Amino acid sequence: MSDYELLPESPLGGVEIELEGFNITEVTDKSLVMLALPRDKFSDIESSIDKSCGLKLPEMENSTESKDSSITLWRLQKNQVLAYYTYEGHDAESHLSSQLNAPAYYTDQSDTWAMIRVSGKRSRDVLERICPIDLSPEVFTVGRVSRTIMEHIGTIIFRDGDDSYVLLTMRSFGRSMLHAIEVSADNVL
């Protein structure tokens, strides 16, 4: 028997960078679980998640948040939602399945993504240099979520506060995304 032990590592080593009016922080306290929504069970799923935690299925490119703010659902595809929620255990899909009690198909996506929070008064200024979508507060309101390309990297962007955005990219591109944000910040700040 081996004496080796596998330990989880975040894609960016828990990076935290503070600049004037701008912060970059790796999100390490959230899990991501994909829920596939079978068409024939759609109404059962909606009813179950509403009863269990007061969640509604969001409209396309929007999010909804549970009553206790622990679960946020993102809608990026017609028959799927991504659950972005507070859970640091080893079996996120079973945990979420028991919380929602909905007849969906659950797949843990947590370890495939690098998650970076960009926040502060200058966050939009920095992101506008690398993000092709309109991030103005009137268009990309709090709770909006969208797929896009930033610096040739596939990205999901979620606005989780007035001056706060969460960027998700595939784990293998995490360092490249971090570098793109840092270069943009150097040019703007």
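This text follows the structure it describes.
Description of the structure in this document. (Residues numbered from 1 in each chain as written. Predicted model: local features only at pLDDT ≥ 70, side-chain atom pairs only at ≥ 80, totals over all residues. Heavy atoms only, no water.)

As summarised here, the arrangement of the six strands in space is S1-S2-S8-S11-S10-S9, forming an open sheet in which the pairing is antiparallel. With partners counted over all chains shown, the strands left at the sheet margins are strand S1 (16-19) and strand S9 (145-150), one partner each. The mean angle between the axes of side-by-side strands here comes to 20°, regardless of whether they run parallel or antiparallel. Judged from the six bridges that link them, S9 and strand S10 (residues 153-161) form a sheet pairing that is antiparallel. Within S10, the position partnered with Val-145 by the bridge is Phe-158. (Pairing = 2+ DSSP bridges. Helix = DSSP H or I, 4+ residues; strand = E, 2+ residues; numbered from the N terminus. Axes fitted to C-alpha atoms, helices over the stretch in contact; angles between N-to-C directions.)

For any two aromatic rings, the description comes down to two numbers: the centre-to-centre distance and the angle of the planes. On inspection of all chains with the given rule, the structure shows three aromatic pairs. With centroids separated by 4.8 Å and ring planes inclined at 25°, the aromatic side chains of Trp-74 and Tyr-84 adopt a geometry described as stacked. One end of the pair, Trp-74, is in strand S5 (residues 71-77); the other, Tyr-84, is in strand S6 (residues 80-86), and ten residues separate them in sequence. Of the two residues examined, Trp-74 and Tyr-84, each falls in the buried class. Measuring from ring centre to ring centre gives 5.9 Å for Tyr-84 and Phe-158, while their planes differ by 65°; the resulting arrangement is edge-to-face. Here Tyr-84, found in strand S6, pairs with Phe-158, found in strand S10; they are 74 residues apart in sequence, far enough to count as distant. (Phe/Tyr/Trp six-rings, centres within 6.5 Å; stacked < 30°, edge-to-face > 60°. Buried < 20%, exposed > 50% of the residue type's maximum accessible area, 1.4 Å probe, protein only.)

All right, on to the sheet that holds S5 then. Across the sheet, which stays open at both edges, the five strands sit in the order S4-S5-S6-S3-S7 with antiparallel pairing between neighbours. If you trace the sheet from one side to the other, it starts and ends with strand S4 (63-65) and strand S7 (105-108), each paired once. When strand polarity is set aside, the average angle formed by the axes of neighbouring strands in this sheet is 25°. As paired strands, strand S3 (residues 30-36) and S6 are joined by seven bridges and run antiparallel to one another. Bridging across to S6, Ala-36 finds its partner in Gln-80. Along the sheet face, helix H2 (residues 92-100) touches S3, S5, S6 and S7 and points at about 145° away from the line of S7. (Contact = heavy atoms within 4.5 Å.)

So, on to the nonpolar core. Counting 21 residues, the largest nonpolar core has Ile-116, Leu-127, Ile-157, Leu-167 and Ile-181 as the members making the most contacts within it. Only strand S2 (22-26), strand S8 (113-119), helix H3 (123-128), S10, strand S11 (164-170) and helix H4 (174-188) provide two or more residues apiece to this core. If near-sequence neighbours (up to four positions away) are discounted, Leu-127 is found in contact with Val-118, Leu-135, Ile-157, Tyr-165 and Leu-167. Membership of the second largest hydrophobic core comes to 19 residues, among which are Ile-49, Leu-57, Val-81 and Ala-102. (Core = buried A, V, L, I, M, F, W, Y, C linked by side-chain atoms within 4.5 Å.)

Inspection of H2 places Ala-92, Leu-96 and Leu-100 among the buried residues, and these make up the whole buried set. Along the axis of H2, the buried positions cluster into a sector of 50°, meaning they face one direction only. Of the surrounding elements, those touching the buried residues of H2 are S3, helix H1 (42-53), S5, S6 and S7. At the exit of H2 stands Asn-101, carrying a positive phi of roughly 55°. (Arc of directions from axis to C-beta.)

This paragraph deals with the pairing of S3. Counting buried positions over the seven residues of S3 gives six, a clear majority of the element. Where S3 meets S7, four bridges bridge the pair, whose relative direction is antiparallel. Within S7, the residue paired with Leu-35 across the bridge is Tyr-106.

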